[in-house]
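# Architecture at a glance
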Amino acid sequence: MNTAAGKDVSAAPTYEAPTITVMSDEEVLRAFQMTAAQIGAAAVWWSASCSAC
Amino acid sequence: MSDTRAQMKRVLGVTLCDDPARETRFTVVQLPQDLGEYAPGSPEWRRESLHRHLNTEVQSLEIAAQSLVDFPAAPWGLRLQHARQCWDESRHARLVERELVAKGGFAGEFPIINYDWGVACAVKTLAGRLAVQNRTVEAGEMDLLLQLRDSWESSAEPETAALMDGILADEIQHVRFANQWIKSEAKKNPRLVMEIAAAISFVRAVTASFTPASGEQNRAGVRFADLDREGFALNVEDRRLADFGEEDLAALQAGPAR
C-alpha cells in the first residue's frame, strides 16, 4: 500500500508543481470588470425584454 | 477614509451599507423579489422603469456625495469631478421624475431598493469605490441606457428617448474620469490594483447572493426566468469614449475571469 502518515494515498491526484501567473496592473484591471448583464443578474436593474409577459 | 462610519446591514448573507434616508412616501425593500417589474412596453413597465431609474439617479448622487465625505484627502481634481457628478445626477433625477409624472406616475408609486448605494458604500477604499460605482455600475448603465433609449424610441416616445440619450452623454464623463484616475494611479501605486480586485470580487459575491432562483416571481407576479437580463449588448462606442481600451473591451466581451 502506498501510504503517507499511515493513510492510503493511491487515489490521490498526481502532484502538480504550483505555478505563478505574473499579471501587469492593466491585466488585473482587465480581469476585474463586469458588464450590465453580469450586474443585472441580481435582478435589481432593468431587464431587456420578457419572453412570457 | 474619514472618520464618518456608515451603519451597515446584513442582507442575504452579505454586509452592505445601510439605506440612505428616503421620504416616507417611498416603500424601501431589501430583496429583488419585493420589487415590481412588469412586462416591458406595458404602461406599468413605463412608469416602474422610470421610477426605478429615478431612484438609481438619486443613489448615484448620494454615492458621489458620500465619496466627498469619505475621502477628504483625495486629489482636488478628483473631488471636483465628484462634485460635478452630484450636480449631473441631481439634474437627471429631476428630469426622470418629470417624465414619470408625464406618464401618470409619481414618486413613491412603486417599491424601491437602494442596492447600488448598499454595495458601493460598503467599499471603503477610494480606488475600490471608483472601480465599483463608476467603472463598473455606471459603465454598465451606459450599456443599459443605450438599450433604454432604443426601447423608448421604438415605443414612439422620442422625448423620453432623448432624455436617456442626454443622461448617457453625462455618464460617459463619470466613467471616464474614474478610468483615467484608476489607470494613472495604478501605475504609481500597485496596491490600488489589489484594492480594486477585492472590490470587484465583493460585487460578484453580492450579485451571486442576490440572484433569484429562476422559478421565483417578483412582486408584479412576473417570473424572473421570463425577464431577459442577458440581452444588454456592450455599448462599445461609448465605452471607448469613457477610456476603456480595446483590450478592456475584448475582455468584457469574452466574459469575466474566474
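The preceding data block contains the structure.
Below or above, wherever it landed, is the structure these notes cover. This is a predicted model, so every value here is computed, not measured.

### Examining the overall build of chain B
When its secondary structure is counted, chain B shows eight helices and five strands. For 258 residues, the compact-globule estimate of 2.2 N^0.38 gives 18 Å, and the C-alpha radius of gyration of chain B, at 18 Å, lies within 12% of that figure. The dimensions of chain B, computed from C-alpha atoms along their principal axes, are 50 × 40 × 35 Å. Relative to its 258 residues, chain B shows a buried fraction of 44%. Residue pairs in contact within chain B that sit at least 24 positions apart in sequence constitute 75% of those at least 6 positions apart.

### Some details on the interface of chain A and chain B
In this complex, chain A contributes 27 residues to the contact, which on the side of chain B involves 46 residues. For the side of chain A that touches chain B, the secondary-structure elements that each account for two or more residues are α1 (25-31), α2 (36-40) and β3 (49-50) of chain A. Each residue belonging to the side of chain A that touches chain B can be placed in one class, and the counts come to 18 nonpolar, seven polar and two charged.

### Points about the nonpolar core
Residues and elements named next belong to chain B. Counting 69 residues, the largest nonpolar core has Val119, Ala120, Ala131, Val132, Ile182, Ile196 and Ile200 as its most contacted members. Among the elements that take part in this core, helix α4 (residues 126-154) stands out by supplying 13 residues, more than any other. Setting aside residues up to four positions removed in sequence, alanine 120 forms contacts with Ile63, Arg129, Val132, Gln133 and Val137.

### Some points on unusual backbone geometry
With the exception of glycine, most residues fall at negative phi, and the peptide bonds are largely trans. Residue and element names in this part refer to chain A. Even without being a glycine, alanine 43 presents a positive backbone phi close to 65°. If you trace the backbone, alanine 43 turns up in the loop between α2 and β3. Overall, the presence of 22 C-beta atoms within 10 Å leaves alanine 43 in the buried class.

### Focus: the environment of aspartate 248 of chain B
Secondary-structure assignment places aspartate 248 of chain B in helix α8 (residues 246-254). Overall, the presence of 20 C-beta atoms within 10 Å leaves aspartate 248 of chain B in the buried class. Beyond its immediate stretch of four places on either side in the chain, aspartate 248 of chain B contacts Arg30 and Gln33 of chain A.

### Focus on the packing of α4 of chain B against helix α6 (residues 191-210) of chain B
Residues and elements named next belong to chain B. Viewed as axis vectors pointing N to C, α4 and α6 meet at an angle of 55°, and their least axial separation amounts to 8 Å. Between α4 and α6, the angle is such that the two are oblique. The two elements α4 and α6 meet at a crossing, and its hand is right-handed. From α4, Ala127, Gly128, Ala131, Val132 and Thr136 reach across to α6, where they touch Leu192, Glu195, Ile196, Ala198, Ala199, Ile200 and Val203. Residue composition of the contact of α4 with α6, grouped by class: nine nonpolar, two polar and one charged.

Cut-offs and rules
- Residues numbered from 1 in each chain as written.
- Chains lettered and ligands numbered in written order.
- Predicted model: local features only at pLDDT ≥ 70, side-chain atom pairs only at ≥ 80, totals over all residues.
- Helix = DSSP H or I, 4+ residues; strand = E, 2+ residues; numbered from the N terminus.
- Rg over C-alpha atoms; globule rule 2.2 N^0.38 Å.
- Buried ≥ 20, exposed ≤ 12 C-beta atoms within 10 Å, placed from the backbone.
- Contact = placed C-beta atoms within 7 Å.
- Nonpolar A, V, L, I, M, F, W, Y, C, P; charged D, E, K, R; others polar.
- Core = buried A, V, L, I, M, F, W, Y, C linked by C-beta atoms within 7 Å.
- Axes fitted to C-alpha atoms, helices over the stretch in contact; angles between N-to-C directions.
- Parallel < 35°, antiparallel > 145°, perpendicular 65-115°, else oblique.
- Left-handed = near helix turned anticlockwise from the far one by under 90°.

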